[in-house]
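Each chain is listed here by its residues.
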Amino acid sequence: MKYRILGKTGYRVSEISLGTWQLGSRWGEPFDERTARETLEAACAEGINLFDTADIYQGGESERAIGRFLREHPEADVRVVTKMGRALDPHTAAGYTAENMRRFVDGSRRRMGVERLDLTLLHCPPTPVFRNGELFGALDALKREGAIRHYGVSVERIDEALAALDHDISAIEIIFNMFRLRPAEELFAKAAERNVGLIVRVPLASGLLTGRYTEQTRFGADDHRTYNRNGEAFDKGETFSGVEYRTGVEAARLLKEELGCDELGPIALRWILMHPEVSVVIPGASRPGQIVRNAAASELPPLTAEQMAAVRRIYDRLIRPQVHHLW
């Protein structure tokens, strides 16, 4: 496993880390504590030292499982990124108050059993929140008080990330993958200038970039890949990176063909790591075996110029018309 510095936090983190939206279960299935523990253990065994979670993941069970793991493994030098805000009901900009942020921070500290959060992110709030100077002032106060070490934002759109750079953020979490190229063009250099770390989420486009799905693949009724393809429950870009499913299946098939690989997932992760501004990539895993495959991407050789050009060519032809202008 190779390591990179996460922006101004100074944390040295594994370039492939762990997203825990699916920790302890597959999407839409009940949480299983044993599977969660085994997944976290497998991550550490592969050299992964950053877990990304949120207060709403598995109804708080993701944070609790991570807290138990850290108490049971005090030797593990793990940094935890957690996110807050999506528990607001309704989820509106008006709910992003200093009082609510303090309540969310305290809740995460309690569930994980820690005095201070390593890094907390606003969890894809409404766009006006990114221009709320008073809110970011409240986060500065929580930092001074010692409740959090660093804070940042998770975003849907590039313009939100650019607005957040006006504040003292330490990291931006954003969707970036072979089906979402625009962040590298418009955000990465600006974040690097300010020493803001970049955390890449949805790196495999909800599994499309594993290259294993076909038009006949079916997902569970409670899986967002079934019920959110058109943004019925939350931002459409969170599901398959906003790409129409059949188009994504065809693009993944062409990528495997052009890149000359039988297994696309590790290559897709290695492609992200070709961008030096990226601090860490957080593919999810619902079971330990997925950890090993994901972590292996750190040891793959760099993609060639021809392979990088092939990714761009397929994106421009099939993907760009659908997503490039939206996020």
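Every value quoted in this text rests on a predicted model; they were computed, and no experiment measured them.

About the thresholds
- Residues numbered from 1 in each chain as written.
- Predicted model: local features only at pLDDT ≥ 70, side-chain atom pairs only at ≥ 80, totals over all residues.
- Heavy atoms only, no water.
- Salt bridge = Lys/Arg side-chain N within 4 Å of Asp/Glu carboxyl O.
- Helix = DSSP H or I, 4+ residues; strand = E, 2+ residues; numbered from the N terminus.
- Buried < 20%, exposed > 50% of the residue type's maximum accessible area, 1.4 Å probe, protein only.
- Phe/Tyr/Trp six-rings, centres within 6.5 Å; stacked < 30°, edge-to-face > 60°.
- Lys NZ or Arg CZ within 6 Å of the ring centre and 35° of its normal.
- Core = buried A, V, L, I, M, F, W, Y, C linked by side-chain atoms within 4.5 Å.
- Contact = heavy atoms within 4.5 Å.
- Polar contact = N/O pair within 3.5 Å; in protein donor to acceptor, adjacent residues only side chain to side chain.
- Expected span 1.5 Å × (residues − 1).

**A closer look at the pattern of salt bridges**
All told, the structure shown has 30 salt bridges when counted by the stated rule. Taking the shortest distance from any N to any O, the salt bridge between E33 and R68 comes out at 3.3 Å. With E33 in helix 1 (residues 33-45) and R68 in helix 2 (residues 61-72), this pair connects stretches of sequence that are 35 residues apart. Given a relative accessible area of 41%, E33 falls into the partly exposed group. Note that E263 and R293 form a salt bridge whose closest N and O atoms lie 3.8 Å from each other. Taken together, the residues span a long stretch of sequence, with E263 in the loop between helix 9 (245-259) and helix 10 (264-273) and R293 in helix 11 (residues 288-295) at a distance of 30 residues. Judged by its relative accessible area of 34%, E263 is partly exposed.

**Points about the packing of aromatic side chains**
Aromatic rings considered in pairs are described by the distance between their centres and by the relative angle of their planes. The tally for this structure, following the rule as stated, stands at 11 aromatic pairs. A network of ring pairs unites the aromatic residues W21, Y57, Y227 and F234 as a single cluster. Residue placement shows R229 over the ring face of Y245; its charged tip is 4.4 Å from the ring centre.

**Things to note about the nonpolar core**
Of all hydrophobic cores here, the largest spans 88 residues; its most connected members are L122, I172, M178 and F179. If sequence neighbours within four positions are ignored, M178 has contacts with L209, L255, L259, I267, A268, W271, V311 and Y315. Counting residues in hydrophobic clusters, the runner-up holds 11 residues, among them L119, L121, V280 and I282.

**Topic: the side chain of N228**
Within the fold, N228 resides in the loop between helix 8 (224-227) and helix 9. Separated by 3.1 Å, the side chain of N228 and the backbone nitrogen of E232 make a polar contact. A polar contact is formed between the side chain of N228 and the backbone oxygen of D235, at a distance of 3.5 Å. Setting aside residues up to four positions removed in sequence, N228 forms contacts with A233, F234, D235, K236 and T239.

**Here's the deal with helix 4 (residues 133-145)**
Structurally, the α-helix is built with 3.6 residues per turn, so residues lying three or four positions apart point the same way. In a regular helix each residue adds 1.5 Å, so 13 residues correspond to 18 Å; helix 4 covers 18 Å between its end C-alpha atoms and thus fits that length. Considered for burial, the residues of helix 4 that qualify are L135, F136, A138, L139, A141 and L142. Next to the buried residues of helix 4 lie strand 5 (79-84), helix 3 (98-112), strand 6 (119-123) and strand 7 (151-154). N-cap assignment for helix 4: the residue whose side-chain oxygen lies 3.1 Å from the backbone N of E134 is N132. After helix 4 finishes, the residue G146 shows a positive phi value of roughly 90°.

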